[in-house]
Number of protein chains: 2
Amino acid sequence: MAPWDLSLKDIRTTLVNNCALIVGSMAFDDLELPGGSYQDVVGGSATYASLAACVYAKVRTVAVVGDDFPTAWLDRFVTRGIDITGIEKCSGKTFRWHGKYATDLSSRTTLATELNVFADFDPVLPDSYRDSSHVLLGNIHPELQLRVLEQVRQPQFVAADTMNYWIEGERPKLEKVLARIHTLLINDEEVRLLANDHNIARAARRIRSMGPKALIVKRGDAGALLFDETGTFFCPALPLDSELDPTGAGDTFAGALLGQLTADGSPEPRRLRAAIRGASAAASFCVEGVGPEHLVDMSRELVDRRGDEIARLSQC
Amino acid sequence: MAPWDLSLKDIRTTLVNNCALIVGSMAFDDLELPGGSYQDVVGGSATYASLAACVYAKVRTVAVVGDDFPTAWLDRFVTRGIDITGIEKCSGKTFRWHGKYATDLSSRTTLATELNVFADFDPVLPDSYRDSSHVLLGNIHPELQLRVLEQVRQPQFVAADTMNYWIEGERPKLEKVLARIHTLLINDEEVRLLANDHNIARAARRIRSMGPKALIVKRGDAGALLFDETGTFFCPALPLDSELDPTGAGDTFAGALLGQLTADGSPEPRRLRAAIRGASAAASFCVEGVGPEHLVDMSRELVDRRGDEIARLSQC
């Protein structure tokens, strides 16, 4: 059953038990930023998304780390109310990414990727996770995204991320994912590649015909576009004078989006628009710190206030 | 006297005589677009800006053309109510630009530029132009922009465009221009170069300290940002499924902006925000045609309707 098919009674009974399930990577990042170089920064899509989502809702995380992953960080998750039962600790090293950003932060180059324990990631959901109401499938192999979906009993809402690598190399599997999700969150290059059309508006129609009711196009500091049954919605990014590190901004956006929808439980499709503003606000906090440092103590009040600021940005 | 210093009486008396003065280039463009190649397309900043501004206000154009420039086009200007007294016809060839766009229209390469009669452009304003209330200084040598300003008696509002070439090569002259204008309209790369700061928010503060009360950052299909005394305003670009040719979109934006402010005569700085929406709407028509073909019969009603559509884009 999709959320827009729920009756008011359904909503009342399910809302109490709404829970966000987040699947993705946990990593060490080595970041070469215009402001300096940083080693062993805890990162990964599940890290950013979970920290953002927990501001709004109960969060359950599924990921894999090596035995070098600091317990202090898992404790930090627990302190934020994140359920870490599904974070598997394997013998070996944690996934590592090494990237260098351009001076204006507008592009980045991957210098090295070490998959390590992430190479054999096979997400198995703890029993306690199977009744999750809202699901975020981070950017992992579409086969694994499908395997996660099979383990969730009756999700009300499923969002997914993906990337060029899967679009080009695993299209049939990815199409199966697309047929089963509500919202796809990708950037404009990925939109063009997936639809094989350089025009975003046409590409969005094509992608929505593959399954997702909603497509969110992430454009970094150029904001986010939503294409869904309500039409087109544009949310600007807040112009910041203190960007430090864009790493994880997209995952923060996705996590905050899922968290809001989980807490909200509204079947109203227009609710997605307000959630996109909150997601953009959360992402703006993310880029103001190195790694997820600004997410670990991000408060709902702060994000809401910044969301209002974003709303005012496009008011005459 | 700046428009925001005008009393209501002043406005009533001046409004009737408000007139937009537009200075810039007129050209033949050879366009290599993803949809095909087009030769001898009439273009240039003054062409696009004048055609957009005349939808709203009385327009006076200053430019230079060669004796190869089609009279039919000048007649078209006259039909639209544009005063062409200031368009000088010189013996020789009209300015020509040859450019090629990327498949996704996001970038372009200049293949050839022939300045021709534009090389000796020395804008002399007809006497009848000197009482113009609103001025748009197109992207020409800052020295010429200054010379135009000296010939206008008491402009209420002056906007200017410029480019990398002048920012790098004619900074002292350009700074004199900046000290005398109300609004600067440039793209994000030019903002970064002019302020020597990759961060747009900081760069905007720096540029506004050089003189302009308002800075409008043109970002193409990523919209436009305004930084002024009222704060920050963001206007999205309408996602189109029928972009053909981005040539002149920025000049159309600038012309429509000037036209609205001229017609409006309001001293209220927030009025600039609404004018930016109208400007974005006009620019969206421009890119749907090759060259200025969609501007020659653009109606106020159509632009207004599209402006409303743009306003709805960011509504929750």
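Residues numbered from 1 in each chain as written. Chains lettered and ligands numbered in written order. Predicted model: local features only at pLDDT ≥ 70, side-chain atom pairs only at ≥ 80, totals over all residues. Heavy atoms only, no water.

Another aspect to go through is the pattern of salt bridges. Two side chains bearing opposite charge may form a pair once their charged atoms approach each other closely. Per the counting criterion, the structure on display carries 36 salt bridges over all chains. E32 of chain A is the partner of K100 of chain A in a salt bridge, and the nearest nitrogen-oxygen pair spans 3.9 Å. On the criterion of sequence distance, the pair formed by K100 of chain A in strand β7 (residues 95-101) and E32 of chain A in strand β2 (residues 27-33) is long-range, its members being 68 residues apart. E32 of chain A gets classed as partly exposed once you look at its relative accessible area, which sits at 22%. With a closest N to O distance of 3.5 Å, R147 of chain B and E143 of chain B form a salt bridge. Remark: E143 of chain B and R147 of chain B occur in helix α4 (residues 142-151); sequence separation between them is 4 residues, near one turn of the helix. Bridged by salt links that share partners, the residues D122, E143, R147 and K173 of chain A form one connected network. (Salt bridge = Lys/Arg side-chain N within 4 Å of Asp/Glu carboxyl O. Helix = DSSP H or I, 4+ residues; strand = E, 2+ residues; numbered from the N terminus. Buried < 20%, exposed > 50% of the residue type's maximum accessible area, 1.4 Å probe, protein only.)

Before going further, it helps to examine the nonpolar core. Within soluble globular proteins, side chains that are nonpolar generally end up buried alongside one another. Counting residues in hydrophobic clusters, the biggest one holds 200 residues, and the most contacted among them are I276 of chain A together with I276 of chain B. Apart from the residues within four sequence positions on either side, I276 of chain A is in contact with I216, A224, L226, F233, C235, F253 and L257 of chain A. (Core = buried A, V, L, I, M, F, W, Y, C linked by side-chain atoms within 4.5 Å. Contact = heavy atoms within 4.5 Å.)

Before going further, it helps to examine the interface of chain B and chain A. Taken together, the contacts link 31 residues of chain B with 31 residues of chain A. Taken together, both faces of the contact between chain B and chain A bury some 2,600 Å²; the carbon and sulfur share is 53%. Of all residues in chain B, F234, D241 and C316 of chain B give up the largest surface area on contact with chain A, accounting jointly for 23% of the area buried on that side. Linking chain B to chain A there are 4 salt bridges. Between D241 of chain A and R205 of chain B there is a salt bridge; the shortest N-O distance is 3.0 Å. Our enumeration of links across chain B and chain A arrives at 17 residue pairs in polar contact (both at pLDDT 80 or more). The set of elements that each furnish at least two residues to the side of chain B that touches chain A consists of α8 (200-208), β12 (224-228), β13 (231-235), α10 (271-287) and α11 (300-313) of chain B. Residues belonging to the side of chain B that touches chain A are distributed by class as follows: 12 nonpolar, 7 polar and 12 charged. (Buried area = accessible area lost by both parts, 1.4 Å probe. Polar contact = N/O pair within 3.5 Å; in protein donor to acceptor, adjacent residues only side chain to side chain. Nonpolar A, V, L, I, M, F, W, Y, C, P; charged D, E, K, R; others polar.)

All names here are of chain B. Note that strand β2 (residues 27-33) and strand β3 (residues 36-43) share 6 bridges and pair antiparallel. Pairing of L31 across the sheet is with Y38, part of β3. Following β2, the chain reverses through 2 residues before pairing antiparallel with β3. (Pairing = 2+ DSSP bridges.)

Moving on: the packing of α4 of chain B against helix α6 (residues 171-178) of chain B. All names here are of chain B. Their axes nearest at 8 Å, the elements α4 and α6 cross at an angle of 30°. As judged from the angle between their axes, α4 and α6 are roughly parallel. Crossing angle aside, the handedness with which α4 passes α6 is left-handed. From α4, P142, E143, Q145 and L146 reach across to α6, where they touch K173, L174, K176 and V177. Class assignment for the residues of the contact of α4 with α6 results in 4 nonpolar, 1 polar and 3 charged. (Axes fitted to C-alpha atoms, helices over the stretch in contact; angles between N-to-C directions. Parallel < 35°, antiparallel > 145°, perpendicular 65-115°, else oblique. Left-handed = near helix turned anticlockwise from the far one by under 90°.)

This paragraph deals with the environment of V191 of chain B. Residues and elements named next belong to chain B. Along the chain, the position of V191 falls in helix α7 (residues 188-195). Accessibility expressed as a relative area gives 0% for V191, which makes it buried. For the pair V191 and I310, spaced 119 residues apart in the sequence, the C-alpha separation amounts to 24 Å. Setting aside its immediate chain neighbours within four residues, V191 contacts I186, I200, A203, I207, L215 and V217.

The next point concerns the sheet that holds strand β3 (residues 36-43) of chain A. Residues and elements named next belong to chain A. Strand order in the open sheet formed by 4 strands is β3-β2-β7-β8, with mixed pairing between adjacent strands. Taken across any chain shown, the strands that pair with only one partner, and hence form the sheet edges, are β3 and β8 (108-114). Strand-to-strand twist across the sheet, computed as the mean angle between neighbouring axes with direction ignored, equals 15°. Of the strand pairs in this sheet, β2 and β7 are connected by 6 bridges, and their pairing is parallel. Each bridged residue has a counterpart across the sheet, and for F28 the counterpart in β7 is R96.

Counted under the stated rule, the structure contains 9 aromatic pairs over all chains. With 5.0 Å between their ring centres and 20° between their planes, F95 of chain A and F118 of chain A make a pair best called stacked. Placement of F95 of chain A in strand β7 and of F118 of chain A in the loop between β8 and β9 (134-137) is noted, with a sequence separation of 23 residues between them. By the burial criterion, F95 of chain A is buried, and F118 of chain A matches it. Plain terms: the ring middles of F118 of chain B and F121 of chain B are 5.5 Å apart, the flat faces sit at 25° to each other, and that makes the pair stacked. In this structure F118 of chain B comes out as buried when scored by relative accessible area, which is 15%. Judged by relative accessible area, which is 6%, F121 of chain B ranks as buried. Here a set of aromatic residues connected by ring pairs shows up, and it is made of F95, F118 and F121 of chain A. When the ring centre of F285 of chain A is taken as origin, the NZ or CZ atom of R306 of chain A, which lies over that ring, is 4.1 Å away. (Phe/Tyr/Trp six-rings, centres within 6.5 Å; stacked < 30°, edge-to-face > 60°. Lys NZ or Arg CZ within 6 Å of the ring centre and 35° of its normal.)

Helix length check: α10 of chain B, at 17 residues, gives a terminal C-alpha distance of 25 Å against a target of 24 Å (1.5 Å per residue), a fit within 8%. By the criterion of burial, α10 of chain B is predominantly enclosed, with 16 of the 17 residues buried. (Expected span 1.5 Å × (residues − 1).)

Let's shift gears to the confidence of the model for chain A. Detail in the predicted coordinates should be disregarded across regions flagged by low pLDDT. In this model, chain A carries a mean pLDDT of 94, and residues with pLDDT of at least 70 account for 95%. The complex model carries a pTM of 0.90, and its ipTM stands at 0.86. (pLDDT = per-residue confidence, 0-100.)

Another point: unusual backbone geometry. The backbone of N116 of chain A sits at a positive phi, close to 50°, despite the residue not being glycine. Checked against the element boundaries, N116 of chain A lands in the loop between β8 and β9. The class of N116 of chain A is partly exposed, set by a relative accessible area of 29%. For N196 of chain B, which is not glycine, the phi dihedral falls at a positive 55°. Along the chain, the position of N196 of chain B falls in the loop between α7 and α8.

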